[in-house]
Amino acid sequence: MAKIFCVANQKGGVGKTTTTVNLAAGLAKVGQRVLMVDLDPQGNATMGSGVDKRSMALSVYDVLLESATVQEAALFSEKCGYHVLGANRELAGAEVELVDVERREKRLKTALAAVDADYDFVLIDCPPSLSMLTLNGLCSAHGVIVPMQCEYFALEGLTDLVNTIKQVHANLNKDLQIIGLLRVMFDPRITLQMQVSDQLKAHFGDKVFDTVIPRNVRLAEAPSYGLPGVVFDPGAKGSQAFVTFATEMVARIDKM
Ligand code: ADP
Ligand code: MG
């Protein structure tokens, strides 16, 4: 049975896509069967997994509109070692097209149920909003991974996300929980980041992942080669941290 996780944070540029593709690559590297679902119309996770979003015949859009199955629409990225259910600009239209349909927030969940036996992990890269697309992700998932930078407003921004997750848990998806907060783009030389990191641990306890992802330029360069850092430069500090994070995730789900 696949464990399904959303990578979500309503802020943009906090490292959601970087986390999704590198965790997917890290999990594949340690022998897990992985499906990466891109729910962001920008398609960054798609391109960053070696799949050209402009030439895809089918995408997550077709799956949400029930004109294709996940099995039909997902592509295997040879270089990355995981399957990709891609997204492109077409997906922006799904928001409007789903307005009048029944159980519109459960479309992805229903579609993923059909491939439950084919994967160990499904990772969903969410857009930077709490939209119908993100809601589809949250309704499908067992848990949420929240990447965050240890900056001054980080804790404040978390409140909205935590409230949304509570509401989805109460009304739509009893399985949903925050799996953990992942500290990303971390620089221990910056005193403020150390302070915020300590506050996070004091406030959220073991909901803060042990692994910390450092700020590392190789992770930022990798997308322009259409690859996750873990594949592009396995020796880089950031890549190694994501493989460690993959191992931590495997250990966590054994306890779930
Ligand atoms: P989001 O999906 O939340 O919008 P991204 O994953 O696209 O965020 O990251 C935003 C920017 O920060 C990108 O340019 C990305 O390459 C860069 N970035 C993300 N994580 C790191 C890191 N650990 N070190 C250096 N740059 C990073
Ligand atoms: Mg993104």
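Just above sits the structure.
The paragraphs below set out a description of the structure included in this document. Given the structure is predicted, the values throughout are model-derived calculations rather than measurements.

### With respect to the overall build of the protein
Within the protein one finds twelve helices and eight strands. Taking 256 residues into account, the globule formula puts the C-alpha radius of gyration at 18 Å, and the protein, at 17 Å, falls close to it. Taking the principal axes of its C-alpha atoms as reference, the protein extends roughly 50 × 40 × 30 Å. Counting every position in the protein, which comprises 256 residues, the buried fraction comes to 48%. Taking the intrachain contacts of the protein between residues at least 6 apart in sequence as the baseline, contacts between residues at least 24 apart amount to 78%.

### Some details on the packing of helix α1 (residues 16–29) against helix α12 (residues 237–255)
One can describe the packing of α1 onto α12 by two numbers: an axis separation of 8 Å at closest approach and a directional angle of 70°. By the angle between their directions, the pair α1 and α12 is classed as roughly perpendicular. Within the contact between the two elements, α1 uses N22, L23, G26, L27 and K29 and α12 uses F242, V243, F245, A246 and M249. Among the residues forming the contact of α1 with α12, the class breakdown is seven nonpolar, two polar and one charged.

### Brief notes about the pairing of strand β2 (residues 34–38)
Note on strand geometry: in a regular strand, side chains alternate between the two faces of the sheet. Burial analysis of β2 places five of its five residues in the buried class, which makes it a mostly covered element. Residue alternation in β2 divides its side chains into two sets, V34, M36 and D38 and L35 and V37, and both sets are buried. Judged from the five bridges that link them, β2 and strand β5 (residues 121–125) form a sheet pairing that is parallel. By the bridge assignment, L35 is partnered in β5 with V122. As defined by bridge partners, β2 adjoins strand β4 (residues 82–85) across three bridges and the pair is classed as parallel. By the bridge assignment, V37 is partnered in β4 with L85.

### With respect to α1
The terminal C-alpha atoms of α1, which comprises 14 residues, lie 20 Å apart, in line with the 20 Å expected from a rise of 1.5 Å per residue. Most of α1 is tucked away: 14 of the 14 residues are buried. Looking at the residues trailing α1, positive phi occurs at G31, about 90°.

### Looking at the site of ligand 1
The local shell around ligand 1 holds 18 residues, among which G15, K16, T17, T18 and A220 are the closest. Sorting the residues of the shell around ligand 1 by element identifies α1, β7 (177–186) and α10 (217–221) as the ones contributing at least two each. Residue contributions to the shell around ligand 1 peak at three residues, all from α1. Partitioned by chemical class, the residues of the shell around ligand 1 number eight nonpolar, eight polar and two charged.

### Describing the environment of L155
In this fold, L155 is placed in helix α8 (residues 154–171). When the 15 C-beta atoms within 10 Å are taken as the criterion, L155 is described as partly exposed.

Cut-off values and rules
Residues numbered from 1 in each chain as written. Chains lettered and ligands numbered in written order. Predicted model: local features only at pLDDT ≥ 70, side-chain atom pairs only at ≥ 80, totals over all residues. Helix = DSSP H or I, 4+ residues; strand = E, 2+ residues; numbered from the N terminus. Rg over C-alpha atoms; globule rule 2.2 N^0.38 Å. Buried ≥ 20, exposed ≤ 12 C-beta atoms within 10 Å, placed from the backbone. Contact = placed C-beta atoms within 7 Å. Axes fitted to C-alpha atoms, helices over the stretch in contact; angles between N-to-C directions. Parallel < 35°, antiparallel > 145°, perpendicular 65-115°, else oblique. Nonpolar A, V, L, I, M, F, W, Y, C, P; charged D, E, K, R; others polar. Pairing = 2+ DSSP bridges. Expected span 1.5 Å × (residues − 1). Near = placed C-beta within 6 Å.

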